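Each chain, letter by letter, is given below.
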Amino acid sequence: MSTSEVYDYIVIGAGVQGSFTAYELVKTKKKTLLLEQFTLPHTRGSSHGQTRMIRKAYDQNFYADMMDEGYELWAQLEREAGVKLFRRTGLLVMGPENSQSYLDFKSTLEKKKIPMMVLTPDNFNQHIPNVILADGDGAFVDTTAGVLYADRALKVAQEQFHKLGGVIKDQEKVIDIKPGLTVTVSTSAGVYQAMGLVITAGPWANKLLAHVNLHLPLEVVRINVCYWKEKVPDLYHVNKRFPCFLLTEGEGVKDHIYGFPSNEYPGLIKICEHEDAQARSRSSNICYHNGSETDPDQRDKKTDCADIDILRRYIAHYLPGVIPDPAVIESCMYTLTPDRHFVLDRHPAYGNIVIGAGFSGHGFKFGPVIGKLLCELSLGELPSYDLSPFQISRFQTIKSPL
Ligand SMILES: Cc1cc2nc3c(=O)[nH]c(=O)nc-3n(C[C@H](O)[C@H](O)[C@H](O)COP(=O)(O)OP(=O)(O)OC[C@H]3O[C@@H](n4cnc5c(N)ncnc54)[C@H](O)[C@@H]3O)c2cc1C
């Protein structure tokens, strides 16, 4: 075998979290290698697609605090790269006025003094035409929220990393990891060594962690990303100031429904259900295939239509300008932890292996902050935020035999 290339740090996985971590490491002048199993760009993980929502409205303060910096870091990257990555649209939040989920969203904004506009049933349609507010629902707009251009952001993070001397090797699947003072990583094409390793493998996290004797309670779920045709093209267009929206709960809705203004595909609006696998497995009256666990290497083997039926019903009732039949369905994957909080930690046995995993369907907006935190953990620095909600020790970790 040829001699191995030596780096300061190796990052496995060029999704949003790995790309930003590699960028942060190279900014500190560390010789960094970013490994990706597929040819870049690809649509097989969790970070692809044109848009992701960015918002500060979180029930947990630790996320809302991180997002204060998140917005600044996204703006900084836009300036550095000279590329627009964020468009402010506002986020319309709707839900039963007295329900816990709706009140939690609202009180987070109030507590953090995030600018918001409360709507009433009387003035709702003056501000938000072509949406029906359900009886008993409250509504407000988080005016700071908006859209991140996801594919573009990923490309920019990787380009900035490369510009600073970082090395990206795609089409190289990691097939073995040997821990030690120096970590040895073998791929389908070569062998590499480094003093530190970061694993940000998205839905493949446990497949990678098996090489370092760790198994996390992660559940991988395939998500239908649905686009629906507008009855009149551009009725819900971003240029008409239609906002992103989120329904916290509603009749027949298991988890929240969210949507984006039309923009990415002409005449189509993206509306999806935020799928919570546990909520689904508790439910008995939906067409449901054998549990929701997805093997990321066989993502499209099982198709589940329950969310699409829920969306159809919601759209037919509340979005009169949208045809309630999906025009385009794309796929993506969530990697869920039991408490839906991320994993940002060092390996319990190998201090020079850092793990970023379990982003539970809401990690994109945090990309630049996660990159900074995983970089700080790798360098042995004090992390900028309290990482106790994200520690591995909160799970009962199951060790797999080596
Ligand atoms: C439908 C959908 C909607 C979402 N909406 C939002 C939103 O509005 N706002 C928000 O903030 N978040 C959102 N998210 C969540 C967000 O997109 C994810 O949390 C984030 O993309 C996770 O990134 P990641 O880097 O952990 O994983 P990934 O993007 O999957 O990256 C992991 C990478 O590791 C690579 N890899 C794996 N194994 C190996 C190996 N053996 N060798 C080499 N490379 C390997 C993979 O190929 C992949 O490229 C959404 C997610 C989905 C699916």
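Each residue is numbered by its place in its chain's sequence as written, counting from 1. Totals for whole chains, interfaces and linings use all residues, but because this is a predicted model, local features are given only for residues with pLDDT of at least 70 and pairs of side-chain atoms are given and counted only at 80 or more. Just so you know, side-chain values use all the structure's heavy atoms and leave hydrogens and water out.

## Details of the sheet that holds strand E6 (residues 116-119)
Note the following rule: Between any two strands, pairing holds if DSSP finds at least two bridges. A run of H or I in DSSP becomes a helix once it reaches four residues, and a run of E becomes a strand once it reaches two; helices and strands are each numbered from the N terminus. Under this scheme, a helix contributes an axis fitted over its contacting stretch, all axes are lines through C-alpha atoms, and angles between N-to-C directions fall in the 0 to 180 degree range. We call two residues in contact whenever any of their non-hydrogen atoms come within 4.5 Å of each other.
The 8 strands are arranged E6-E7-E5-E14-E15-E16-E13-E17 in an open sheet whose pairing can be described as mixed. Two strands in the sheet have a free side with no partner beyond their single neighbour: E6 and strand E17 (322-336). Going from strand to strand, the sheet's axes swing by 20° on average, the running direction of each strand aside. With 4 bridges joining them, E6 and strand E7 (residues 137-142) adopt antiparallel strand pairing. In the strand pairing of E7, Met117 is matched with Val141. Sitting on the sheet, helix H3 (residues 100-111) touches strand E5 (91-96), E6, E7 and strand E14 (244-247), and the angle it makes with E7 is about 35°. Contacts between helix H8 (residues 306-318) and the sheet are confined to E5, strand E13 (219-230), E14, strand E15 (257-259), strand E16 (268-273) and E17, with E17 contributing the most and set at about 140° to the helix.

## Here's the deal with the confidence of the model for the protein chain
The criterion, for reference: Think of pLDDT as the predictor's per-residue confidence, scored from 0 to 100.
In the predicted model, the protein chain carries a mean pLDDT of 92, and 93% of its residues have values of at least 70. Here residues 281-291 scores under 50 on pLDDT; set against residues more than four positions off or in separate chains, the count is 16 contacts.

## As for the sheet that holds strand E8 (residues 146-149)
Taken in spatial order, the 3 strands of this open sheet run E3-E8-E4, and their pairing is antiparallel. Each edge of the open sheet is held by one strand with a lone partner, namely strand E3 (51-54) and strand E4 (86-88). Across the sheet, the mean angle separating the axes of adjacent strands is 30° when strand polarity is ignored. Pairing between E4 and E8: 3 bridges, direction antiparallel. Each residue of the ladder has a partner; that of Arg88, found in E8, is Gly146. Its contacts with the sheet place helix H2 (residues 61-81) against E3, E4 and E8, and it is angled at close to 135° to E3. Helix H5 (residues 150-163) contacts E3 and E8 of the sheet and is inclined by roughly 50° relative to E8.

## Description of the site of the ligand
To be explicit about the condition: Any residue with a heavy atom positioned within 4 Å of a molecule or strand is treated as near that molecule or strand. In the analysis that follows, any N or O atom pair within 3.5 Å is treated as a polar contact, provided that within protein one partner can donate a hydrogen and the other can accept it, and provided that, for residues neighboring in sequence, both atoms belong to side chains. Using a 1.4 Å probe, accessible areas were evaluated by the Shrake-Rupley method; residue-level cover was limited to the displayed protein chains.
Taken together, 37 residues lie around the ligand, and Glu36, His42, Ser47, Met53 and Cys332 are the ones closest in. At 2.9 Å from an oxygen atom of the ligand is found a side-chain nitrogen or oxygen belonging to Gln37. At 2.5 Å from an oxygen atom of the ligand is found a side-chain nitrogen or oxygen belonging to Ser47. Protein chains bury 96% of the 1,000 Å² of accessible surface belonging to the ligand in isolation.

## Topic: H5
An α-helical turn contains 3.6 residues, so any two residues separated by three or four positions project in the same direction. The following threshold applies: Expected span of a helix: the number of residues minus one, times 1.5 Å. For every residue, the accessible area obtained with a 1.4 Å probe (protein chains only) is divided by the maximum for its type, and the residue is called buried under 20%, exposed over 50%, and partly exposed between those limits.
In a regular helix each residue adds 1.5 Å, so 14 residues correspond to 20 Å; H5 covers 20 Å between its end C-alpha atoms and thus fits that length. Along H5, the residues classified as buried are Ala150, Ala153, Leu154, Val156, Ala157, Gln158, Gln160 and Phe161. The secondary structure elements touched by the buried residues of H5 are helix H1 (16-27), strand E2 (32-35), E3, H2, E8 and strand E9 (167-169). Of the residues flanking the end of H5, it is Gly165, one or two places downstream, whose phi is positive at about 100°.

## As for the domain arrangement of the protein chain
Applied cut-off: As used throughout, domain bounds are those supplied by an automatic or database domain assignment. By buried area we mean the combined loss of accessible area, with a 1.4 Å probe, across both parts when two parts are placed together. Salt bridge, as used here, is a side-chain nitrogen of Lys or Arg placed within 4 Å of a carboxyl oxygen of Asp or Glu. Charged residues are taken to be Asp, Glu, Lys and Arg, nonpolar residues to be Ala, Val, Leu, Ile, Met, Phe, Trp, Tyr, Cys and Pro, and polar residues to be all remaining types, Gly included.
Assigned domains of the protein chain: these are domain 1 (5-47 + 151-218 + 339-394) and domain 2 (91-143 + 219-336). The centre of domain 1, based on its C-alpha atoms, is set 30 Å off from the matching centre of domain 2. Contact residues are listed per partner, giving 15 residues for domain 1 and 16 residues for domain 2. Carbon and sulfur atoms make up 44% of the area that domain 1 and domain 2 hide from each other, which totals about 1,400 Å². Linking domain 1 to domain 2 there are 3 salt bridges. Where Asp297 meets Arg44, a salt bridge forms, and the shortest distance between an N and an O atom there is 3.9 Å. Counting across the interface, domain 1 meets domain 2 through 7 residue pairs in polar contact (both at pLDDT 80 or more). Counted by class, the side of domain 1 that touches domain 2 contains 5 nonpolar, 7 polar and 3 charged residues.

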